[in-house]
Amino acid sequence: MWYSKDTAEKLRELVKLGTFGVGIFTCHDIFATYEELKAKGVEFTKPPTKEFYGTEALFKDDSGNWFSLAQLIKV
């Protein structure tokens, strides 16, 4: 675990309140990851879309927190 027990509990509370903010996850194959997560019931609000920095999809958790799934352009 990256955080102390106390910090982890505070983070869990923020997630439950929908006030966590933004989180960004990266992957090597966004289309495969998107399909896998979608099949598991993840609610995407934006399908994989090409952007200037790579390809990005947006999703939210059951508390309303928004997250980005991105496959970044290799430079």
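Residues numbered from 1 in each chain as written. Predicted model: local features only at pLDDT ≥ 70, side-chain atom pairs only at ≥ 80, totals over all residues. Heavy atoms only, no water.

Student: Can you walk me through the confidence of the model for the protein in this structure?
Tutor: Close inspection of predicted coordinates is inappropriate in any region flagged by low pLDDT. Considering every residue of the protein, the mean pLDDT works out to 88; 92% of them sit at 70 or more. Considering each helix and strand of the protein separately, the mean pLDDT is smallest for helix α1 (residues 5–17), with a value of 81, and largest for helix α2 (residues 30–39), with 97. (pLDDT = per-residue confidence, 0-100. Helix = DSSP H or I, 4+ residues; strand = E, 2+ residues; numbered from the N terminus.)

Student: Sorry if this is basic, but what is going on with the pairing of strand β2 (residues 43–51) here?
Tutor: Within a regular strand, side chains alternate between the sheet's two faces. The pairing of β2 with strand β3 (residues 54–60) spans 6 bridges and is antiparallel. Within β3, the residue paired with Lys50 across the bridge is Thr55. The hairpin turn running from β2 into β3, its antiparallel successor, is 2 residues long. (Pairing = 2+ DSSP bridges.)

Student: Looking at this model, I keep getting lost on the pattern of salt bridges. Mind explaining?
Tutor: A side chain of one charge can pair with a side chain of the opposite charge if their charged atoms are brought near each other. One pass over the structure, following the stated rule, counts 6 salt bridges. In this structure, Asp6 engages Lys10 in a salt bridge whose closest nitrogen and oxygen atoms are separated by 3.2 Å. One end of the pair, Asp6, and the other, Lys10, are both in helix α1, 4 residues apart, so they sit about a helical turn from each other. Accessibility expressed as a relative area gives 48% for Asp6, which makes it partly exposed. Residue classification places Lys10 among the exposed positions, given a relative accessible area of 52%. Linking Lys46 and Glu51 is a salt bridge whose minimum nitrogen-to-oxygen distance equals 2.7 Å. (Salt bridge = Lys/Arg side-chain N within 4 Å of Asp/Glu carboxyl O. Buried < 20%, exposed > 50% of the residue type's maximum accessible area, 1.4 Å probe, protein only.)

Student: Can you walk me through the environment of Thr55 in this structure?
Tutor: Locating Thr55 in the fold gives a position in strand β3. In the structure, Thr55 is positioned 26 residues away from Asp29 in sequence and 9.7 Å away in space, judged by C-alpha atoms. Residues contacting Thr55, with those up to four places away along its chain left out, are Ile30, Phe31, Pro48, Thr49, Lys50, Leu69, Ala70 and Gln71. (Contact = heavy atoms within 4.5 Å.)

Student: Whenever I open this one, the environment of Leu17 confuses me. Can you help?
Tutor: Here Leu17 is to be found in helix α1. When its relative accessible area of 62% is taken as the criterion, Leu17 is described as exposed. For the pair Leu17 and Ser68, spaced 51 residues apart in sequence, the C-alpha to C-alpha distance is 19 Å.

Student: Quick question: what am I supposed to make of the pairing of strand β4 (residues 66–72) here?
Tutor: When β3 meets β4, the two strands line up antiparallel, connected through 7 bridges. Opposite Gly54, over in β4, you have Leu72 as the bridge partner. Between β3 and β4, which follow one another and run antiparallel, lie 5 residues, and Gly64 among them has a positive phi close to 90°.

Student: Explain the side chain of Glu56 here, please?
Tutor: Position of Glu56 relative to the elements: it lies in strand β3. Side-chain polar atoms of Glu56 contact the side chain of Lys46, separated by 3.0 Å. The residues contacting Glu56, other than those within four sequence positions of it, are Ile30, Lys46, Pro47, Pro48, Thr49, Glu51, Ser68, Leu69 and Ala70. (Polar contact = N/O pair within 3.5 Å; in protein donor to acceptor, adjacent residues only side chain to side chain.)

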